[in-house]
2 protein chains.
Amino acid sequence: MKKNEEIQLINADQKFEEFLKLKELKYTSERKLILKAIFSFDKHFNVEELFEKLREQGNHISRATIYRAIPLLLQSGLITEALHCQDKTSYENVFNREHHDHLVCTNCGKIIEFYNEKIEKLQEEVCRQHNFVPIEHRLGIKGYCEDCYKKLKK
Amino acid sequence: MKKNEEIQLINADQKFEEFLKLKELKYTSERKLILKAIFSFDKHFNVEELFEKLREQGNHISRATIYRAIPLLLQSGLITEALHCQDKTSYENVFNREHHDHLVCTNCGKIIEFYNEKIEKLQEEVCRQHNFVPIEHRLGIKGYCEDCYKKLKK
DNA sequence: ATGATATTGAGACTTAATTGCAATGAAAAA
DNA sequence: TTTTTCATTGCAATTAAGTCTCAATATCAT
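The structure presented is a predicted model; accordingly, all values stated were derived computationally and were not measured.

The mixed open sheet is built from six strands, whose spatial order is E5(A)-E4(A)-E6(A)-E6(B)-E4(B)-E5(B). Because the sheet does not close on itself, it has two edges, and the strands there are strand E5 (111-114) of chain A together with strand E5 (111-114) of chain B. Here the average twist between neighbouring strands, direction ignored, is 20°. Two elements, strand E4 (residues 101-105) of chain A and E5 of chain A, share four bridges in a ladder whose sense is antiparallel. By the bridge assignment for E5 of chain A, His 102 of chain A is matched with Glu 113 of chain A. Contacting E4, E5 and strand E6 (133-144) of chain A together with strand E4 (101-105), E5 and strand E6 (133-144) of chain B, helix H5 (residues 117-129) of chain A crosses the sheet at an angle of about 130° to E6 of chain A.

Looking now at the packing of aromatic side chains. Applying the stated criterion to the full structure yields 11 aromatic pairs over all chains. Ring centres 5.4 Å apart and planes at 80° place the aromatic pair Phe 16 of chain A and Tyr 27 of chain A in the edge-to-face group. Of this pair, Phe 16 of chain A sits in helix H1 (residues 3-22) while Tyr 27 of chain A sits in the loop between H1 and helix H2 (29-39), placing them 11 residues apart in sequence. The class of Phe 16 of chain A is buried, set by a relative accessible area of 1%. Of the residues examined, Tyr 27 of chain A reaches a relative accessible area of 15% and is grouped as buried. On the basis of an interplanar angle of 65° and a centroid distance of 6.4 Å, the ring pair of Phe 39 of chain B and Phe 95 of chain B is categorised as edge-to-face. In this pair, Phe 39 of chain B sits in helix H2 (residues 29-39) while Phe 95 of chain B sits in the loop between strand E3 (90-93) and E4, placing the two residues 56 residues apart along the sequence. In this structure, Phe 39 of chain B and Phe 95 of chain B share a single accessibility class: buried. Among the aromatic side chains, those forming a connected cluster through ring pairs are Phe 16, Phe 19 and Tyr 27 of chain A. Positioned above the aromatic ring of Phe 41 of chain A, the side-chain terminus of Lys 53 of chain A is 4.9 Å from the ring centre. Cation over ring: Arg 63 of chain B sits above Phe 51 of chain B, and NZ or CZ is 3.9 Å from the ring centre.

Looking at DNA strand C, there are 18 residues lining it, with Thr 28, Arg 31 and Thr 65 of chain A together with Lys 88 and Thr 89 of chain B nearest. What you see for DNA strand C is that sugar and phosphate hold 67% of its atoms within 4 Å of the protein. His 60 of chain A is positioned such that a nitrogen or oxygen atom in its side chain is 3.4 Å from a phosphate oxygen of DNA strand C. Lys 26 of chain B is positioned such that a nitrogen or oxygen atom in its side chain is 3.3 Å from a base nitrogen of DNA strand C. If you list the elements that add at least two residues to the surface near DNA strand C, you get H2 and helix H4 (63-75) of chain A together with helix H4 (63-75) of chain B. Grouping the amino acids of the surface near DNA strand C by side-chain chemistry returns six nonpolar, five polar and seven charged.

The next thing to look at is the packing of helix H1 (residues 3-22) of chain B against H2 of chain B. Residue and element names in this part refer to chain B. Two numbers describe how H1 lies on H2: the axes approach to 10 Å, and their chain directions differ by 140°. As far as their axial angle goes, H2 and H1 are oblique. For the pair H1 and H2, the sense of crossing is right-handed. Between H1 and H2, the contacting residues are Glu 5, Gln 8, Leu 9, Ala 12, Asp 13, Phe 16 and Leu 20 on the first element and Arg 31, Lys 32, Leu 35, Lys 36 and Phe 39 on the second.

Next up on the list: H1 of chain B. Spacing of three or four residues puts side chains on the same side of an α-helix, whose turn is 3.6 residues. Residues and elements named next belong to chain B. Over its 20 residues, H1 runs 29 Å from end to end, which matches the ideal 28 Å to within 8%, given 1.5 Å per residue. Buried residues in H1 make contact with H2 and H4. Backbone geometry just after H1 places Glu 24 at a positive phi near 60°.

The next thing to look at is the protein's contact with DNA strand D. Near DNA strand D lie 18 residues; those nearest to it are Lys 26 and Lys 88 of chain A together with Thr 28, Arg 31 and Thr 65 of chain B. Backbone atoms, meaning sugar and phosphate, make up 73% of the atoms of DNA strand D lying within 4 Å of the protein. Measuring from a base oxygen of DNA strand D, one finds a side-chain N or O atom of Lys 26 of chain A at 2.8 Å. The separation between a phosphate oxygen of DNA strand D and a polar main-chain atom of Tyr 27 of chain A is 3.4 Å.

This paragraph deals with the pairing of strand E3 (residues 90-93) of chain A. Residues and elements named next belong to chain A. Burial along E3 is two-sided: Ser 90 and Glu 92 and Tyr 91 and Asn 93, pointing in opposite directions, are all buried. Relative to E3, strand E2 (residues 79-81) runs antiparallel, the two sharing three bridges. Paired with Glu 81 across the two strands is Tyr 91, which belongs to E3.

Definitions and cut-offs
Residues numbered from 1 in each chain as written. Chains lettered and ligands numbered in written order. Predicted model: local features only at pLDDT ≥ 70, side-chain atom pairs only at ≥ 80, totals over all residues. Heavy atoms only, no water. Pairing = 2+ DSSP bridges. Helix = DSSP H or I, 4+ residues; strand = E, 2+ residues; numbered from the N terminus. Axes fitted to C-alpha atoms, helices over the stretch in contact; angles between N-to-C directions. Contact = heavy atoms within 4.5 Å. Phe/Tyr/Trp six-rings, centres within 6.5 Å; stacked < 30°, edge-to-face > 60°. Buried < 20%, exposed > 50% of the residue type's maximum accessible area, 1.4 Å probe, protein only. Lys NZ or Arg CZ within 6 Å of the ring centre and 35° of its normal. Near = heavy atom within 4 Å. Polar contact = N/O pair within 3.5 Å; in protein donor to acceptor, adjacent residues only side chain to side chain. Nonpolar A, V, L, I, M, F, W, Y, C, P; charged D, E, K, R; others polar. Parallel < 35°, antiparallel > 145°, perpendicular 65-115°, else oblique. Left-handed = near helix turned anticlockwise from the far one by under 90°. Expected span 1.5 Å × (residues − 1).

Encoded structure:
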C-alpha cells in the first residue's frame, strides 16, 4: 500500500467510525477489514470482487456481512453506486476524491472521467428552480471513444 | 387510447418493423402486442407491470417473451432503461418524446423532469474535447423534493 | 468485568432474469 | 397457394444477486 493511500485509509477509518458512533452502531473488525479491502482497489469494485479480495488478504468474511456493510458505507458517503455498466451493481470509492462525471464507451467499456464546473453550477440552478434539495447526482454519457469510433467507421 | 397516442403507436410500429427487418428478425403478433402495451403506460414500466398489462388486455404473453423483446426495443431506440429507482429495472417509452433529465426524490420517489439547453450544449462540448462520440446520456440528480424536505426539517 | 444488544456466518430463501427444448408460426422461396 | 426454413414462443428448470433467519459471538458503555 502506498503512503498516501495509507493516510487516506486512516482518515476514512475515522470518518466511518464517527458515522457508526452517531448511529449507535459498532465498528467491528469485519467492517474495518471491508473498508481496508475497498482501499486496495484502484477505484471500482462489486460485492463479488470485494469478497474475493478479502479472501486473498486472508480474511473470510461472509457475503451477508459485506452486503450489510454496503448501505452503511453508502450512507456515510465513503462510496457511491457506480454507473450501472453491465449486470452487477458496482461501487466506487469516493473518499477524498473530487466529484466527476463519466463518458462510457459502449464498445470497449473504457471510462473517461471529466469535471465541468459550468455543468455543476447549472445543475444547482435547476434544483433551485424546482425547490429541490440535491444530495448527489450522476451524469453518464454513453457513446464511442476515439479508438472505437475509428474502428467502427472502417 | 387518445388520437395522438394512436398515431404515435403506428409510427413506433413502423420503426420497430424496420428495425426487425434489418436484423432479419420477425415482427410477431407477440411483439406487436408488447409494443402496444408499452404505449398504454403513461411512460415508465417494468417487466412485471408489462406482463400484467398484457393480461388485462386479454393477452397472455410469457415473461420469457417479454424479457426477450426488451433488448430489441432498447436497440431500436423505442425505449430506454430508466433511472434505477429502486430494485427492479424499469424502462421508459421514449419514442417521439423530447429528451429530458431527472430529479429523483429519494424520500417519496417522485420524479421531476427537466430539460436544460445549456447543460446539453456543455455536454457536447465535453465530448468534443475528449474526441468522444455520444450516443445518449443520462443525468439524474437525487435529493429531496420540496414537500419531503419540509417534512424532514420538522 | 459485566451486561445489553448489535453483529456475524451459514445456509435457506426470494425474486429477477436467462436458458433449453419441443411445438409453433412468420415469411421467403417454390 | 403450398412448401420449407428457421426464428420465435411458452413452459419449466436454472442461475444468480441479494435478503433473511437464527444461534453464537463480539463490541462497548457502564
